[in-house]
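# Report on the structure
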Amino acid sequence: MTQIDRPFRPRRSRTGRRKSRTVAAATALLITLAACSAGGHPAPHSSASAKQAPTWRTDPGSLAALGDSITVGFDACTVLSDCPEVSWATGTDPKVDSLARRLVTHPATQSWNFAKTGALMSDLPVQVASAVRRKPELVTVLIGANDACRRSVGAMTPEASFRADFARSLTSLRRALPHTQVYVAAVPDLLRLWSEGRKNPLGKEVWKLGICGSMLRDPDDLTKPAQDRRAKVRARVVAYNAALAEVCGKDPLCRFDGSVFDYRFTDRQLSTWDWFHPGARGQKELAELAFRAITRRPA
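Thresholds applied
- Residues numbered from 1 in each chain as written.
- Predicted model: local features only at pLDDT ≥ 70, side-chain atom pairs only at ≥ 80, totals over all residues.
- Heavy atoms only, no water.
- Core = buried A, V, L, I, M, F, W, Y, C linked by side-chain atoms within 4.5 Å.
- Buried < 20%, exposed > 50% of the residue type's maximum accessible area, 1.4 Å probe, protein only.
- Contact = heavy atoms within 4.5 Å.
- Helix = DSSP H or I, 4+ residues; strand = E, 2+ residues; numbered from the N terminus.
- Expected span 1.5 Å × (residues − 1).
- Arc of directions from axis to C-beta.
- Disulfide = S-S within 2.5 Å.
- Polar contact = N/O pair within 3.5 Å; in protein donor to acceptor, adjacent residues only side chain to side chain.
- Pairing = 2+ DSSP bridges.
- Axes fitted to C-alpha atoms, helices over the stretch in contact; angles between N-to-C directions.
- Salt bridge = Lys/Arg side-chain N within 4 Å of Asp/Glu carboxyl O.
- Phe/Tyr/Trp six-rings, centres within 6.5 Å; stacked < 30°, edge-to-face > 60°.
- Lys NZ or Arg CZ within 6 Å of the ring centre and 35° of its normal.

### So, the nonpolar core
One finds W88, Y183 and L190 to be the most contacted residues of the largest nonpolar core, which totals 65 residues. Here L190 is in contact with A145, A148, C149, C212, M215, V233 and V237, once residues within four sequence places are set aside.

In structure tokens:
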């Protein structure tokens, strides 16, 4: 048989093969370094994929309410008395249709109200500690009006202290309950409270008893010093709300609701006992605003 001639291929030496492998490895290294210097990153292994951000639930199974006299329905039913049954957060009155009635399957046993009449932001950490023991899936916070409603402008809580106490409270809550959602309502617009409440002669007489002196003192005084005083109170409330929004915004399971400040309430939503706190109608509106914010689907 005739032998078929094959083309001649020179055999590479072991040294040549080692050089080829070295060049290939160096090339791969250079490509990786170039990708990193351009802001790229090597593809991660499937087992090391990034954690998903926590998801906001629109149907929490339990609720704890924190805050001040607004959340316990002070002066909403009778004079100088709490009326928790009409609370926007945990009330049982069907006319108000509170958050607990709307969201929680068993509100009688799975909703709790730890708010206190007269509470300041500095009291919030204690309320948080009480709420933590119940392990609620949702915590509502509406507090801060008393920090601005002092006997004088100079007695108002400094913005830095307000911010620090809120941040400390949220940190404490998050450490104890990492999956609990937090709804934070803005401090209401106290200047609008003055402009609406002063329309009622009886309301102005009640204010003389010392309610929110920094804003409501001498309600018919329209001189520049009086207007400047009210403007300072409003500016402090705006600063409080900015602090609430910023601190809450750093927590993926916290929602700040500015609509409570923006809401254009009238004297019809105010208590007919003091023309300061929300009456039953005002409580109903607060419940509706909160419900919209809490059940809003994430963008």
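From this point, the discussion proceeds with the structure in view.
### Focus on helix α6 (residues 159–176)
Look at α6: 26 Å from first C-alpha to last across 18 residues, which is about the 26 Å you get at 1.5 Å a residue. Within the sequence span of α6, burial applies to F162, D165, F166, S169, L170, L173 and R174. Along α6, the residues classed as buried sweep out an arc of 165° about the axis, all on the same side. The outward face of α6, more than 90 degrees from its buried face, is lined by the exposed residues A160 and R175. In this fold, the buried residues of α6 make contact with α4 (124–132), β3 (138–142), α5 (145–148), β4 (181–185), α10 (224–249) and β5 (254–257).

### Let's talk about the state of the cysteines
Under the defined criterion, the tally for this structure stands at three disulfides. Sulfur-sulfur distance for the disulfide between C77 and C83 comes to 1.9 Å. Classification of the bridge connecting C77 and C83 rests on its S-S torsion, roughly -70°, and on that basis the disulfide is left-handed. Take C77: its relative accessible area is 32%, and that puts it in the partly exposed class. Using a relative accessible area of 1% as the deciding quantity, one classes C83 as buried. A sulfur-sulfur separation of 2.0 Å characterises the disulfide bridge that pairs C149 with C212. Between C149 and C212 the sulfur-sulfur dihedral comes to about -75°; the bridge is accordingly left-handed.

### Here we look at helix α7 (residues 190–197)
The buried fraction of α7 amounts to six of the eight residues, a majority that puts the element mostly inside the structure. Among the residues of α7, those classed as buried are L190, R192, L193, W194, E196 and G197. Buried residues in α7 make contact with α5, α8 (201–207), α9 (213–216) and α10. By the N-cap criterion, in which a side-chain oxygen at the helix start approaches the backbone nitrogen of a residue two or three places on, α7 is capped by D189, the distance to L191 being 3.1 Å.

### What to know about the sheet that holds β5
Spatial ordering of the open sheet is given by β2-β1-β3-β4-β5, a layout of five strands whose pairing is parallel. Sheet topology places β2 (111–113) and β5 at the edges, where each strand pairs with a single neighbour. Averaged over all adjacent pairs, the angle separating strand axes in this sheet is 15°, with direction ignored. Pairing between β3 and β4: four bridges, direction parallel. Its bridge partner being in β4, T140 is matched across the sheet by Y183. Against the sheet, α4 makes contact with β1 (63–67) and β3, and its axis sits at roughly 165° relative to β1, the strand it touches most. Against the sheet, helix α12 (residues 280–295) engages β3, β4 and β5, with an angle of about 135° to β5.

### As for the pairing of β3
A large share of β3 lies buried, amounting to five of its five residues. Every second residue of β3 is oriented toward a common face, with L138, T140 and L142 on one face and V139 and V141 on the other, all of them buried. Bridging between β1 and β3 involves five bridges; their strand directions are parallel. By the bridge assignment for β3, L66 is matched with V141.

### Observations regarding the pattern of salt bridges
Applying the stated criterion to the full structure yields 18 salt bridges. If you follow the salt bridges from partner to partner, you end up with D97, R101, R102, E288 and R292 in one network.

### Quick notes on the packing of aromatic side chains
Applying the stated criterion to the full structure yields two aromatic pairs. Here the aromatic rings of W88 and Y183 are separated by 6.2 Å at their centres, their planes lie at 65°, and the arrangement is edge-to-face. Taken together, the residues W88 in the loop between β1 and α2 (99–103) and Y183 in strand β4 connect sequence positions 95 residues apart. Exposure class is identical for W88 and Y183. Each is buried. Summarising the aromatic geometry, the rings of F162 and Y240 are spaced 4.0 Å apart at their centres and angled 10° between planes, so their arrangement reads as stacked. Highlighted residues: F162 in helix α6 and Y240 in helix α10, separated in sequence by 78 residues. Of the residues examined, Y240 reaches a relative accessible area of 0% and is grouped as buried. Sitting over the face of the ring of F291, R102 holds its NZ or CZ atom 5.2 Å from the ring centroid.

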